[in-house]
Amino acid sequence: MAIASEPPKHGFRLSQLLYDTRYRSMTIQVVVMMMFMAFAAWLVDNTVSNLAARGKDFNFGFLGVRSGYDIGQRLIAYDSDSTHARAMLVGLLNTLLVSFLGCIVATVIGVFVGVLRLSKNWLVARLMTIYVEIFRNVPVLLWILIILAVFTEAAPLPNAFKEGGDASMMLFDSIAVTNRYTAVPDPLFSRSLGNIDIGIFLISSDLLALIAAIVAGWYARRIVLRRATFVQNATGERPVTWWKSAALLILPGVLTLWALGFHLGYPSLQGFNFTGGINVSNAFMSLWLALSLYTGAFIAEIVRSGVMAISHGQTEAAYALGLRPGRTMNLVILPQALRVIIPPLISQFLNLTKNSSLAIATGYLDLRGTLGGITLNQTGRELETVLLMMLIYLVLSLMISGAMNIYNASVKLKER
Amino acid sequence: MAEHRTAAFVRTEMLPEKAPPVSEVGIIRWLRENLFSGPLNTVLTFMGLFIIYFMIKEYSPWLRHSVWNAASVGECRDIVTAKYGEGATGACWAIIRDRWNMFMFGFYPRELYWRPTLALGLLIFAAAPVLFSESRMIRMWVLGVVSVFLMVAFPGLGVPNGDTALLAVLLVAMLAAAWARPWALLWLTAIYPGLAVWMLWGGSVWGPTLAMAGFVIGWAAWLATRRLGTILSVGAAVLVPVLWWLFGIAPVQAFLDAGLPFAIEGVRSEKFGGFVLALTIGVAGIALSLPMGVVLALARRSDMLLVKALAVGFIEFIRGVPLISLLFVASLLLNYFLPPGTNFDIILRVIIMVTMFAAAYIAEVVRGGLAALPRGQYEAADSLGLDYWKAQRLIILPQALKISIPGIVSTFIGLFKDTTLVVFVGLLDPLKGITDSVRASFEWKGAYWEPYIFVGCIFFIFNFSMSRYSMYLERRLHRDHE
């Protein structure tokens, strides 16, 4: 017998706003909202009066004005007659380029080092531990500056590569590291398809064709594998697929390259400088290497903890079911380890992208160097440029973390 | 039975033990198991050995030919050439020796070097009751080393003997307190923020004192209004100190400065540099970002939609932009956002930005810790009838923070490393600001590696000990029932 107590029958009192849990959260939210609005209004009001006091206004018209400065390394056509908006785009693409290449190299280093750190080989495991601890505990700015100094101070002049000089090129005479730039081979197509103009910049059709061929091959491989699984489910015998899948992974790319007449233009010393290849600035090289080595140390730790998070019982259970080691790795260990590894890995990619703004230390003109650097100084519009720069970085980050959330949702443990 | 008798030979006694094969004992076994257990491992071992050999061959002459005493890079080279012959290279550590003060203090006035040094020493004393509360031995070791360091450093910095003796008395008193009643040192912890600010920047003693008094006033306001209920008293405890800081301090300080002037020589923020600057920003950022991060994490998990939305917006915004752009906001845009004519200290502005940056990351780490707690803990707190704040304080946060220790400490390490970025808003950080200005001098032009290696080593020592401390803390807080 439970006796429910009647709620008190008096009207609404003002003190209920504070002491009644039904209304209290509403009160708090209203107060917070008012404080937030007041704060925002205060900031805007200050900004308006400060702008007025300096005789400035808030508009982005400067983006359409001629920029008047050159950018050494660029992915799209640009010269000093182009607009500030285009300079911003060049900078953004430079940021994306160094981040993308950095993420790839950092992942390779990280996986390699993380696995070696787990190896039973005492010496190698210790060496990798030393690498990880040294790189994680020292500011990334130091690595950028040191690698930049290695390039600019310890590398030879382009001149030293002439016949009888004391410097020699690496990798079958294809790469030359000089104190001003690194000369690398240039990919060329003798039967090129030309470029597609999408209005803002040109895209190489050769690259698009190559990507299309590789993606098509990859899809074909998935169909082959799915058919094999289907046959296995029906008959119990799995058809042999390894040569088909290998061919579908490799052949389309190779055939496309052959069809387009792919060849490398090797750099060679003409006079005082290298020509015939691409001269990549040392600003870019040092930023790229430093970010990769630094982030690689963090990724190594992520990989190591991911593999260690999977208990040994999982391997033993898989063996007990009669799975071979390769399939154990593919079907049991990796899917579980990746669930642990991927989210922090993506956040390292995010960190690398944000750290690429340290290009300021090398002079590589990324988004911060163009929009938040030269454009800011030339136009004197610090409010607009810095806000725009932050907005762009924010959108980039949100896109990356959005992709991560989608992935997380797809691999999440399905709890029932 | 019959078969036994027909056997030609039956051994009746035990054979003595044989020694194990040579390959299964001692160092050879260790080598076989750890270095040469298979073809792949053998190859890896030889590659590792080759890398070590290569490093030693390339860099050991440079290190062995180190020069510690010289007045310029040229002199260093001359000494190396004279000693080891033409073409030999050697490290020139003389640059560190010559510009030691620059690396440590930046342009801080030379006769006041003792103030940041003492502030750093007192920091360890103030932190001891929090960081090393459990083990008296570790505590006394750390504090003893700090005391010896201070006693050696003070005469070296040109402090008169009388003052050094005063310091000795103070240190002995604090060591005695740390031995007998470590919690008494919490008084030092409580006043340390104001004390450190006063010692670093100097000026009137009343500014930092009155600022610290704000906390006492807040506490008094809380006591006075406690009868009116939690919400009102918390509101009063926040509102009254804020009003005091905004409007109360200036007139009271003017009055006290006129009546009871007590000031030491002031040092402007532009004079700060080197590791004094890095540690000032790093320690302030670490101390401020932890509470802010916890509050943000709680706000993000709040049931109140608006509070949660604001917290998510703040955290995602801060985490989405590079720290450099926030520092640009501090140096370029704050002048727009604040009332016309406001001009407050650049180091303070940087500390605010660095704190916000680290707090957003800590909020995410703590949120992970909160999410990792089993639901049963929350339900248990509810069933005991604890209100929200009591449940958080007594049950949820102690466990959640314990889980988050590794993440929090690595955020702190990141924060300390990021203090080098302040060079891009014109402050003299030890890595680039000081190094560049040392190298700009005629004598040390061209000394590249030594300053970087030196600064890198110091950062490594700080960060590595922080990460080891977090491991120690995890072990100490580990309970077997988990």
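Residues numbered from 1 in each chain as written. Chains lettered and ligands numbered in written order. Predicted model: local features only at pLDDT ≥ 70, side-chain atom pairs only at ≥ 80, totals over all residues.

## Here we look at the overall build of chain A
- Broken down by element type, chain A carries twelve helices and nine strands.
- Its C-alpha atoms give chain A a radius of gyration of 29 Å, clearly above 22 Å, the size a compact globule of 416 residues would have.
- Seen through its principal axes, chain A has C-alpha atoms that stretch 100 × 80 × 45 Å.
- Long-range contacts, defined as pairs at least 24 residues apart, comprise 64% of the intrachain contacts of chain A with a sequence gap of at least 6. (Helix = DSSP H or I, 4+ residues; strand = E, 2+ residues; numbered from the N terminus. Rg over C-alpha atoms; globule rule 2.2 N^0.38 Å. Contact = placed C-beta atoms within 7 Å.)

## Some details on the overall build of chain B
- In terms of regular secondary structure, chain B is built from 20 helices and two strands.
- Here the C-alpha atoms of chain B give a radius of gyration of 30 Å, more than 25% beyond the 23 Å that 2.2 N^0.38 yields for 482 residues.
- Expressed along its principal axes, the backbone C-alpha trace of chain B runs to roughly 115 × 80 × 50 Å.
- When the 482 residues of chain B are sorted by exposure, 32% land in the buried category.
- Once local pairs closer than 6 in sequence are excluded, the contacts in chain B between residues at least 24 apart make up 71%. (Buried ≥ 20, exposed ≤ 12 C-beta atoms within 10 Å, placed from the backbone.)

## A few points about the environment of Lys-412 of chain A
- Note that Lys-412 of chain A resides in the segment after α12 (382-411).
- Spatially, the C-alpha atom of Lys-412 of chain A lies 35 Å from that of Leu-251 of chain A, the residues being 161 residues apart in sequence.

## Some details on the sheet that holds strand β1 (residues 176-177) of chain A
Residues and elements named next belong to chain A.
- One open sheet holds the three strands; their spatial order is β1-β2-β9, and the pairing between them is antiparallel. On the outer flanks of this sheet lie β1 and β9 (278-281), each paired with one strand and no other.
- Pairing of strand β2 (residues 181-184) with β9, which is carried by four bridges, proceeds in the antiparallel orientation. Paired with Ala-183 across the strands is Asn-279, a residue of β9. (Pairing = 2+ DSSP bridges.)

## Things to note about the packing of helix α6 (residues 205-235) of chain A against helix α7 (residues 242-259) of chain A
All names here are of chain A.
- In the contact formed by α6 and α7, the axes pass within 8 Å of each other and the chain directions differ by 165°. In terms of axis orientation, α6 runs roughly antiparallel to α7. Of the two possible hands of crossing, α6 and α7 adopt the one that is right-handed. In this structure, α6 contributes Ala-209, Leu-210, Ala-213, Ile-214, Ala-216, Gly-217, Trp-218, Ala-220, Arg-221, Val-224 and Leu-225 to the contact, and α7 contributes Lys-244, Ser-245, Leu-248, Leu-249, Leu-251, Pro-252, Gly-253, Thr-256 and Leu-257.
- Residue composition of the contact of α6 with α7, grouped by class: 14 nonpolar, four polar and two charged. (Axes fitted to C-alpha atoms, helices over the stretch in contact; angles between N-to-C directions. Parallel < 35°, antiparallel > 145°, perpendicular 65-115°, else oblique. Left-handed = near helix turned anticlockwise from the far one by under 90°. Nonpolar A, V, L, I, M, F, W, Y, C, P; charged D, E, K, R; others polar.)

## A closer look at the interface of chain A and chain B
- Taken together, the 47 residues of chain A in the interface contact 45 residues of chain B.
- No other element matches helix α2 (residues 21-53) of chain A, which puts 13 residues into the side of chain A that touches chain B.

## Some words on the packing of helix α17 (residues 375-383) of chain B against helix α18 (residues 388-418) of chain B
Residue and element names in this part refer to chain B.
- With their axes 10 Å apart at the nearest point, α17 and α18 run at an angle of 165° to one another. By the angle between their axes, α17 is roughly antiparallel relative to α18. The interaxial crossing formed by α17 with α18 has right-handed handedness. Along the contact surface, α17 presents Gln-377, Tyr-378 and Ala-381, while α18 presents Ala-391, Ile-395, Ile-396 and Gln-399.

## Side note on helix α13 (residues 274-300) of chain B
- With 27 residues, α13 of chain B extends 37 Å from end C-alpha to end C-alpha; this agrees with the ideal 39 Å at 1.5 Å per step.
- When the local axis directions of α13 of chain B are compared, the greatest deviation, roughly 30°, occurs at Ser-289 of chain B, which is followed within four positions by the proline Pro-291 of chain B. (Expected span 1.5 Å × (residues − 1). Bend = angle between axes of the 7 residues up to and from the residue.)

## Let's talk about α2 of chain A
- An ideal rise of 1.5 Å per residue puts 48 Å on 33 residues; α2 of chain A measures up with 48 Å between its terminal C-alpha atoms.
- Two residues or fewer after α2 of chain A comes Gly-55 of chain A, characterised by a positive phi angle close to 70°.

## Describing the environment of Gly-64 of chain A
Residue and element names in this part refer to chain A.
- Here Gly-64 shows up in the loop between α2 and α3 (84-117).
- The class for Gly-64 is exposed, based on 10 C-beta atoms found within 10 Å.
- Placed 20 residues apart in sequence, Gly-64 and His-84 show a C-alpha to C-alpha distance of 6.2 Å.
- In this structure Gly-64 touches Thr-83 and Ala-85, once residues within four positions along its chain are discounted.

## As for the environment of Phe-412 of chain B
Residue and element names in this part refer to chain B.
- Among the secondary structure elements, Phe-412 is positioned in helix α18.
- Here the alpha-carbon distance between Phe-412 and Leu-223, two residues 189 residues apart in the chain, equals 34 Å.
- Excluding residues that lie within four positions of it along the chain, Phe-412 makes contacts with Ile-286 and Met-466.

## A look at the confidence of the model for chain B
Residue and element names in this part refer to chain B.
- Looking at chain B as a whole, its pLDDT mean stands at 88, while 98% of the residues score no less than 70.
- The secondary structure element of chain B with the lowest average pLDDT is helix α1 (residues 2-6), at 57, and the one with the highest is α13, at 94.
- Across the assembled chains, the prediction reports ipTM 0.88 with pTM 0.88. (pLDDT = per-residue confidence, 0-100.)

## Some details on the nonpolar core
- In terms of nonpolar packing, the biggest core is built from 150 residues, with Ile-144 and Leu-287 of chain A together with Leu-327 and Val-350 of chain B touching the most fellow members.
- Top element by residues in this core is helix α16 (residues 346-372) of chain B. It accounts for 16 residues.
- Setting aside residues up to four positions removed in sequence, Leu-327 of chain B forms contacts with Val-350, Met-353, Leu-421, Val-422, Phe-424 and Val-425 of chain B. (Core = buried A, V, L, I, M, F, W, Y, C linked by C-beta atoms within 7 Å.)

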